[in-house]
Amino acid sequence: MSIRTRILAIACAALMPMAAMAALLDFPGNAVLAGEKINQRGSYKVPVGAWQNGELPSVMAEGEVMQQAWKITATGLTTLQILDPLKKQLVDEGFEVVFECATDACGGFDFRFETDVMPEPVMHVDLGDFRFLSAERKTDDTPEYITLLVSRSQNAGFVQLMRVGEPSEKTELVTSTTSPALTPISEPPPVEQPALPLEQALQEKGHYILEDLVFQTGSSDLGGGDFASLAELADYIKAHPDRTFALVGHTDAEGSLAGNIALSKKRAASVVRRLINDYGVDKKQISAEGNGFLSPRATNMTEDGRAQNRRVEVIDTSTR
């Protein structure tokens with residue numbers, strides 16, 4: 001059984017000036033609406049370009065703002081496989097694609113955190129695998145904008161839909177048996193690629209997880225002992241004195257968001273202190289930030305997953 005979300009836009013036509021034309025996005029049968037927010041009169045900065053030089057090009061749109069998060073339960077889905085049929089439907093409904101990108105081409109970490117995203121677990125965004133699309137449909141009055149943010153976890157696909165335009169007459173969910181569930185494409189499963197070395201990861205991806213650092217739940221103590229990743233990172237930073245780096249802490253989902261953001265920043269700060277005090281890194285090159293539990297890389301339902309989420313990641317913040 002498929003689930004459709006009816007996204008209603010006002011299109012003023014010569015013979016029917018007050019009629020509402022419905023744009024239907026047909027989600028697959030294995031999709032569920034995980035969350036929804038509607039602001040009858042609001043605004044949203046619609047991204048129309050990639051993050052670069054510290055800015056995210058955007059257009060301010062005003063009107064009714066609808067935000068939905070959809071979860072598609074299936075393993076092996078690709079973000080392109082999820083996005084393509086939704087994009088086709090928008091084009092068929094008269095929308096023009098304004099901007100489309102994938103992960104690093106969007107601006108990676110910076111792009112994700114400059115956009116409005118519903119929180120976990122309603123909407124999950126893998127910083128290493130997401131796609132974004134913004135589309136516009138012109139009307140005689142206020143233009144209508146729709147954006148789609150697509151990502152995935154190991155067992156599911158996620159879609160956030162933002163719609164801004166004239167107020168809808170109603171928002172209606174319609175069920176149908178005409179569309180099949182979305183399943184992975186008939187190809188051999190992708191071979192999992194080994195993690196890139198620190199230098200290559202920072203050069204090509206702009207970020208690297210310091211895997212050998214260990215934090216216990218609720219603790220910001222890095223503990224004693226030597227960590228190979230810190231020695232390697234220190235050498236890399238000192239070899240690039242013209243660059244700046246941010247150490248970003250992450251936590252599991254136990255506790256409040258505010259508390260976890262504070263804890264994650266403390267963890268990052270403990271790494272910064274270790275780099276300065278033990279490895280002689282210039283403090284002007286590094287900073288500490290905290291992201292709490294907003295960017296998990298594993299489920300928080302198991303101890304192993306929570307342990308993976310308690311981590312510190314280094315990000316190259318240089319723009320030249």
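To start, this report covers the structure provided alongside it. Residue indices begin from 1 for each chain and proceed along its sequence in written order. Note on the predicted model: pLDDT of at least 70 is required for a residue's local features to be given, and 80 or more for side-chain atom pairs to be given and counted; whole-chain, interface and lining totals, by contrast, use all residues. Neither water nor hydrogens contribute to the side-chain values; these are computed over all heavy atoms in the structure.

1. What to know about the sheet that holds strand β12 (residues 286-290)
Note: two strands are recorded as paired if DSSP finds a minimum of 2 bridges between them. What counts as a helix is a DSSP run of H or I of at least four residues, what counts as a strand is a run of E of at least two, and both are numbered from the N terminus. Ordered in space as β10-β13-β11-β12, the 4 strands form an open sheet in which the pairing is mixed. Edge positions in the sheet fall to β10 (207-209) and β12, since each of these pairs with one other strand and no more. Along the sheet, successive strands turn relative to each other by an average axial angle of 25°, direction set aside. Where β10 meets strand β13 (residues 311-316), 3 bridges bridge the pair, whose relative direction is antiparallel. Its bridge partner lying in β13, Ile 209 is registered against Glu 313. The contact rule is simple, with two residues in contact once any of their heavy atoms fall within 4.5 Å. To obtain an axis, a line is fitted to C-alpha atoms, over the contacting stretch when the element is a helix, and the angle between two such axes runs from 0 to 180 degrees between their N-to-C directions. Sheet contacts for helix α5 (residues 257-279): β11 (245-250), β12 and β13; angle to β12, the most-contacted strand, approximately 160°.

2. What to know about the state of the cysteines
Only a pair of cysteine sulfur atoms within 2.5 Å counts as a disulfide in this structure description. All chains considered together, the criterion is met by 1 disulfide. Note that Cys 101 is cross-linked by a disulfide to Cys 106, the S-S spacing being 1.9 Å. Classification of the bridge connecting Cys 101 and Cys 106 rests on its S-S torsion, roughly 105°, and on that basis the disulfide is right-handed. Across the pair, Cys 106 and Cys 101 agree in class, each one buried. Relative accessible area decides the class of each residue, using a 1.4 Å probe on protein chains only: under 20% of the type maximum gives buried, over 50% gives exposed, and in between gives partly exposed.

3. Observations regarding the nonpolar core
To qualify as a nonpolar core, a set must consist of buried Ala, Val, Leu, Ile, Met, Phe, Trp, Tyr and Cys residues joined through side-chain atoms within 4.5 Å. Core analysis: the largest hydrophobic core is formed by 24 residues, its most contacted members being Leu 210, Leu 233, Leu 247, Val 271 and Leu 275. Counting residues per element, the ones that place at least two in this core are α3 (198-204), α4 (228-239), β11, α5, β12 and β13. The element contributing the most residues to this core is α4, with 5 residues. Once residues lying within four places of it in the same chain are set aside, the contact partners of Leu 233 are Leu 198, Leu 202, Leu 210, Leu 247, Leu 275 and Val 314.

4. Thoughts on unusual backbone geometry
The residue after Glu 120, namely Pro 121, is reached through a cis peptide bond having omega -5°. Counting through the fold element by element, Pro 121 comes out in the loop between α2 (108-114) and β6 (130-137). Here the phi dihedral of Asn 53 falls at roughly 55°; this positive angle occurs in a residue that is not glycine. Along the chain, Asn 53 turns up in the loop between β3 (31-47) and β4 (58-73).

5. Re the environment of Gly 63
The residue Gly 63 is located in strand β4 in this model. Residue classification places Gly 63 among the buried residues on the basis of a relative accessible area of 1%. For the pair Gly 63 and Arg 163, spaced 100 residues apart in the sequence, the C-alpha separation amounts to 9.4 Å. Contacts of Gly 63, omitting those with residues within four sequence positions, involve Asn 39, Gln 40, Arg 41, Gly 42, Val 164 and Gly 165.

6. So, the pattern of salt bridges
Any carboxyl oxygen of Asp or Glu that lies within 4 Å of a side-chain nitrogen of Lys or Arg is treated as forming a salt bridge with it. This model, assessed by the stated rule, comprises 15 salt bridges. One salt bridge in this structure joins Glu 100 and Lys 87, with 2.8 Å as the shortest N-O distance. Within this pair, whereas Glu 100 is found in strand β5 (residues 96-102), its partner Lys 87 is found in helix α1 (residues 79-92), the two being separated by 13 residues in sequence. When its relative accessible area of 33% is taken as the criterion, Glu 100 is described as partly exposed. Of the residues examined, Lys 87 reaches a relative accessible area of 27% and is grouped as partly exposed. Asp 129 serves as the salt-bridge partner of Arg 152, at 2.6 Å between the closest nitrogen and oxygen.

7. Some points on the sheet that holds β6
Read across the sheet, 6 strands follow the order β3-β4-β8-β7-β6-β5 without closing on themselves; strand pairing throughout is antiparallel. Whereas interior strands pair on both sides, the edge strands pair on one side only; in this sheet they are β3 and β5. Put simply, the sheet's adjacent strands are angled 15° from each other on average, direction ignored. Relative to β4, β3 runs antiparallel, the two sharing 14 bridges.

8. Describing the packing of aromatic side chains
The rule is short: rings of Phe, Tyr and Trp, with Trp giving its six-membered ring, pair when the centres are within 6.5 Å, and they are stacked under 30 degrees, edge-to-face over 60, tilted in between. Here the structure, examined in full by the defined rule, presents 7 aromatic pairs. Both rings, one in Phe 111 and one in Phe 130, keep their centres 6.3 Å apart while their planes meet at 15°; by these two values the pair is stacked. Of the two residues, Phe 111 is situated in helix α2 and Phe 130 in strand β6; the sequence distance between them amounts to 19 residues. Assessed through its relative accessible area of 0%, Phe 130 is described here as buried. Aromatic pair Phe 111 and Phe 132: ring centres 5.1 Å apart, planes at 70°, arrangement edge-to-face. Linking Phe 111 in helix α2 with Phe 132 in strand β6, this pair joins segments that are 21 residues apart in sequence. Note on Phe 132: relative accessible area 3%, which makes it buried. Here, over-ring charges are defined by two tests on the NZ atom of lysine or the CZ atom of arginine: distance to the ring centre within 6 Å, and angle to the ring normal within 35 degrees. Looking at Arg 112, its charged tip hangs above the ring of Phe 113, at a distance of 4.2 Å from the centre.

Geometric descriptors of this kind do not, in isolation, establish any biological role.
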